[in-house]
Amino acid sequence: MIPAPAPALQPVPPAPSARWQQLWRDAIRDPAELLGLLGLPELAGRLSPGAMTGFPLRVPRGFVDRMRRGDPHDPLLRQVLPLDDEDRVLPGFGTDAVGDLAASGGTGVIHKYRGRVLLVATGSCAVHCRYCFRRHYPYAEQTAAAGGWREALDYLAADTSVSEVLLSGGDPLSLSTAKLAEFTRALAGLPHVRRLRLHTRLPVVLPERVDEELLAWLASLPWPVVMVVHANHGNEIDEAVAAALARLRGAGVHLLNQAVLLRGVNDSLPALADLSERLFAAGTLPYYLHQLDRVAGTAHFEVPDERARFLHGELAASLPGYLVPRLVREVAGAPAKTPL
């Protein structure tokens, strides 16, 4: 049998010309402006009165462009709009649901799991997700990049059991590439470190961040680099995001996705299956599907465990195993993520 010819590789679109820093500054911060752009003024009465002080709205305009105009239930809008549901005080929802502060090893250093250390590189994000498990984290006192990364690097140098370093936040790609390179130049002097992992939402919400400077830095690193991106719904992955992910793969980065199971966003089999399919089409493997971290202000997003297990089982019955993320919960003090 004569094999069919391999499909021609499609050229990857060049990086957008707009500077990501300017797009960052142009993000929408006023809920009234967001609702006006989407034709949803009727939602103004449901906004959280304290949203602009405690955890204000922030969303890039390119992410807003992916929302459905006139749809108050749009899954992308629901992730960023500060509703009065956040003001409800419920038992079991606290300010540090996953035990970050108890696992602190110094300024911006979180050491929960054997062999790997997470650095809270910065408190900045391009988007403020309403379900964020670190929305109450004391970033002002706990930022690893402060002071030239010295405390974090000293901690890593002292513990030779650490083979993997995770940069998280906030969002580590909020930092300039020069600031990230400052860290990795120093990290290269620690022979026991074998992998670098970055947890970031920017390639999804602000794909312009994946510019030539960032790609050159990633390609130059001496370790395998894993990037865990964060998309919760297939509508987040448009052509610009797919192109950014392709450029990252071209720089040798291994791409995974972690999602959070969110009521009213992706708590259905069609939504979860579509997300996995779109991720794979963009060269990214589904990695984790997290149950909600029970942080104050997020209860309206919670999906009961029984429903979560049912959806995960249906997903496993519908897709190949490599497209089914692991359903997990993070439990404070546990030695690893806890499967459900």
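Structural data are supplied above this passage.
Source: prediction; values computed, not measured.

### Focus: helix H6 (residues 150–158)
Okay, so step 1: Among all positions of H6, only Ala152, Leu153 and Leu156 are buried. Projected down its long axis, H6 carries its buried residues within an arc of 95°, all on one side. Exposed residues pointing more than 90 degrees away from the buried face of H6 are listed as Arg150, Asp154 and Ala158.
Okay, so step 2: Check the buried side of H6 and you find it contacts strand S2 (109–113), strand S3 (116–122), strand S4 (164–169) and helix H7 (177–187).

### Let's talk about a nonpolar patch on the surface
Okay, so step 1: Taken together, the side chains of Phe280, Leu285 and Tyr322 make up a nonpolar region of the molecular surface, amounting to roughly 300 Å² of accessible area.
Okay, so step 2: Residue position: Leu285 is located in strand S8 (residues 285–290).
Okay, so step 3: A relative accessible area of 35% means that Leu285 is categorised as partly exposed.

### Some words on the sheet that holds strand S9 (residues 326–329)
Okay, so step 1: The strand order across the open sheet built from 10 strands is S1-S2-S3-S4-S5-S6-S7-S8-S9-S10, with neighbouring strands paired in mixed fashion. For this open sheet the edge positions go to strand S1 (104–106) and strand S10 (338–339), each flanked by a neighbour on one side alone.
Okay, so step 2: Inspection of the sheet shows strand S6 (residues 225–229) paired to strand S7 (residues 254–260) by 4 bridges, in the parallel sense. Paired with Val229 across the bridge in S7 is Asn257.
Okay, so step 3: Those strands touched by H6 are S1, S2, S3 and S4, and its axis lies near 175° from that of S3.

About the cut-offs
- Residues numbered from 1 in each chain as written.
- Predicted model: local features only at pLDDT ≥ 70, side-chain atom pairs only at ≥ 80, totals over all residues.
- Heavy atoms only, no water.
- Buried < 20%, exposed > 50% of the residue type's maximum accessible area, 1.4 Å probe, protein only.
- Helix = DSSP H or I, 4+ residues; strand = E, 2+ residues; numbered from the N terminus.
- Arc of directions from axis to C-beta.
- Contact = heavy atoms within 4.5 Å.
- Patch = residues over 30% accessible without salt bridge, like charges linked within 9 Å, V, L, I, M, F, W, Y side chains within 5 Å.
- Areas by Shrake-Rupley, 256 points an atom, 1.4 Å probe, with all protein chains shown as cover.
- Salt bridge = Lys/Arg side-chain N within 4 Å of Asp/Glu carboxyl O.
- Pairing = 2+ DSSP bridges.
- Axes fitted to C-alpha atoms, helices over the stretch in contact; angles between N-to-C directions.

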